[in-house]
Amino acid sequence: KPDEDVADSNSNNIGSSKSGANTSVDKVDETRFQEHVKSIMKIALKDQCLIGFRPSKISALVLATTRQILELTPTWPQHLAKLTGYAYEELSCYVEFLVIDYEIFESTDKYEGFISLIASPT
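What counts, and where the lines are drawn
- Residues numbered from 1 in each chain as written.
- Predicted model: local features only at pLDDT ≥ 70, side-chain atom pairs only at ≥ 80, totals over all residues.
- Heavy atoms only, no water.
- Helix = DSSP H or I, 4+ residues; strand = E, 2+ residues; numbered from the N terminus.
- Polar contact = N/O pair within 3.5 Å; in protein donor to acceptor, adjacent residues only side chain to side chain.
- Buried < 20%, exposed > 50% of the residue type's maximum accessible area, 1.4 Å probe, protein only.
- Disulfide = S-S within 2.5 Å.
- Axes fitted to C-alpha atoms, helices over the stretch in contact; angles between N-to-C directions.
- Parallel < 35°, antiparallel > 145°, perpendicular 65-115°, else oblique.
- Contact = heavy atoms within 4.5 Å.
- Nonpolar A, V, L, I, M, F, W, Y, C, P; charged D, E, K, R; others polar.
- Phe/Tyr/Trp six-rings, centres within 6.5 Å; stacked < 30°, edge-to-face > 60°.
- Lys NZ or Arg CZ within 6 Å of the ring centre and 35° of its normal.
- Expected span 1.5 Å × (residues − 1).

So what's going on with the environment of Asp 29? Which residues, and what values?
Turning to its location among the elements, Asp 29 is positioned in the segment before helix H1 (30-46). Of the polar contacts made by the side chain of Asp 29, one reaches the backbone nitrogen of Thr 31; its length is 2.8 Å.

Structure (structure tokens):
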């Protein structure tokens with residue numbers, strides 16, 4: 001199965017779910033996946049904390065965040081780490097913030113009054 005997102009063993013996968021369930025992108029509606037990517041990308045591009053990040057890292061963050069929100073497991077399969085050059089450990093902190101931002105974004109009137117938690121001055 002060439003384009004499968006799950007490996008034969010969870011031992012080589014990063015960010016696998018606690019339940020041990022495997023879910024491939026094929027099982028998620030492609031349109032729904034693309035809609036999430038688009039929304040999360042808009043959030044990420046407005047986030048001041050991510051200014052100066054390489055576009056490749058922002059893209060990896062968006063993919064990992066989308067996979068986590070859609071409960072695809074593992075969140076960051078080994079082949080994505082290899083393909084992007086980013087280990088999940090490099091992304092996980094920002095993924096968690098983007099998930100929170102996405103949840104706030106979804107509970108508001110989209111972009112009206114949306115302020116990222118990461119970018120909020122303290």
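Here the narrative resumes, following the displayed structure.
Which residues make up the side chain of Arg 67, and what values do they have?
Topologically, Arg 67 is positioned in helix H2 (residues 55-69). What makes Arg 67 buried here is its relative accessible area of 1%. One polar contact links the side chain of Arg 67 to the main-chain carbonyl oxygen of Thr 75, over a distance of 2.9 Å.

Before we move on, could you go through the state of the cysteines and cite the residues and values that matter?
Counted according to the given criterion, the structure contains 0 disulfides. Just so you know, Cys 49 is unpaired, no disulfide at all, and the nearest cysteine sulfur is the one on Cys 93, 8.0 Å from it.

So what about the packing of H1 against helix H4 (residues 88-107)? Which residues, and what values?
Packing of H1 against H4 brings their axes to within 10 Å, and their N-to-C directions diverge by 105°. If you check the angle between H1 and H4, you find them roughly perpendicular. Here His 36, Ser 39, Ile 40, Ile 43 and Ala 44 of H1 lie close against H4, whose contacting residues are Leu 98, Asp 101, Tyr 102 and Phe 105. For the contact of H1 with H4, the class distribution of residues is 6 nonpolar, 2 polar and 1 charged.

Describe the packing of aromatic side chains, naming the residues involved and giving the relevant values.
Summed over the entire model, instances satisfying the criterion amount to 2 aromatic pairs. Geometrically, the ring pair formed by Phe 53 and Tyr 94 is edge-to-face, given 5.1 Å between the ring centres and 85° between the ring planes. You can see Phe 53 sitting in the loop between H1 and H2 and its partner Tyr 94 sitting in helix H4, a full 41 residues away along the chain. Stacked on the ring of Phe 53, the Lys or Arg Lys 57 has its end atom at 5.0 Å from the ring centre.

Hey, could you go over H4 for me, with residue numbers and the actual values?
A turn of α-helix holds 3.6 residues, and therefore any two residues three or four places apart point the same way. Taking 1.5 Å per residue, 20 residues should reach 28 Å; H4 reaches 27 Å between its end C-alpha atoms and fits that length. What H4 keeps buried is the set Tyr 88, Leu 91, Val 95, Leu 98, Val 99, Asp 101, Tyr 102 and Phe 105. Along its buried surface, H4 packs onto H1 and H2.

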